[in-house]
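Next come the chains, spelled out residue by residue.
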Amino acid sequence: MDNGADSYRRFLNGDDNGIVEIIRDYKDGLILFLNRYVNNIHIAEDLAEDTFFRIVTRKPSYTAKYSFKTWLYTIGRNMAINYGKKYMRKFSSVPVEDFHDLYRDEDLLEKSYLREERKILLHQALSRIRPLYGRVLYLKFFEDLTNDQIGKVMKRSSRQIENLVYQAKRALRTELEKEDYVYEEL
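Rules and cut-offs
- Residues numbered from 1 in each chain as written.
- Predicted model: local features only at pLDDT ≥ 70, side-chain atom pairs only at ≥ 80, totals over all residues.
- Heavy atoms only, no water.
- Phe/Tyr/Trp six-rings, centres within 6.5 Å; stacked < 30°, edge-to-face > 60°.
- Helix = DSSP H or I, 4+ residues; strand = E, 2+ residues; numbered from the N terminus.
- Buried < 20%, exposed > 50% of the residue type's maximum accessible area, 1.4 Å probe, protein only.
- Lys NZ or Arg CZ within 6 Å of the ring centre and 35° of its normal.
- Axes fitted to C-alpha atoms, helices over the stretch in contact; angles between N-to-C directions.
- Parallel < 35°, antiparallel > 145°, perpendicular 65-115°, else oblique.
- Left-handed = near helix turned anticlockwise from the far one by under 90°.
- Contact = heavy atoms within 4.5 Å.
- Nonpolar A, V, L, I, M, F, W, Y, C, P; charged D, E, K, R; others polar.

Looking at the packing of aromatic side chains
Here the structure, examined in full by the defined rule, presents eleven aromatic pairs. With 5.0 Å between their ring centres and 50° between their planes, Tyr8 and Trp71 make a pair best called tilted. Of the two residues, Tyr8 is situated in helix α1 (residues 3–12) and Trp71 in helix α4 (residues 68–91); the sequence distance between them amounts to 63 residues. By relative accessible area, which is 1% here, Tyr8 ends up buried. Clustering of aromatic rings is evident, with ring pairs tying together Tyr8, Phe11, Tyr26, Tyr62, Phe68 and Trp71. The ring of Tyr133 has Arg130 sitting right over it, with the charged end atom 4.7 Å from the ring centre.

Structural data, given as structure tokens:
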């Protein structure tokens, strides 16, 4: 059982420190993942908060079929999709220039979460490729999920994820080469 699953089990048994540990360990990564869906760091933070609120209030069952992170990110993904269906149409007509401060906030979060320069460049390049590719590679490289776990989060088969990872790596490599940057692991 991974640490998140153990913390969640303790939370369900009445130990409030369990949920505190889950939030501490998964908050930043979940926010950055959700930001790939909504392209607004403040909304991503709210969605992450809503995700944690949902597991605190509804206490959904967790089975060890997948890792705790996979389970949590799937809940977050569903929250982001529901948000998009409900609200994103309202914001699609707002000019990007009106949200200049949001990018500054996002950069601060990225720098605190992604300490190495190489990962920062990679993260920025991910934002310039297809959003679906960025999501898959984020889960693969930054969250260290397996193809099966990514498939569970994104509701796709392992084979589809394998193909997406291949295509996404190729797109990312092309994007990085535009910046004269070579990432060895691609």
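On we go from here.
A look at the packing of helix α7 (residues 131–142) against helix α8 (residues 147–154)
Put simply, α7 and α8 touch, their axes get as near as 10 Å, and they point 135° apart. When the interaxial angle is binned, α7 and α8 end up oblique. Considering only the axes of α7 and α8, their crossing is right-handed. On α8, the residues that touch Leu132, Arg135, Val136, Leu139 and Lys140 of α7 are Asn147, Ile150, Val153 and Met154. Grouping the constituent residues of the contact of α7 with α8 by class yields six nonpolar, one polar and two charged.

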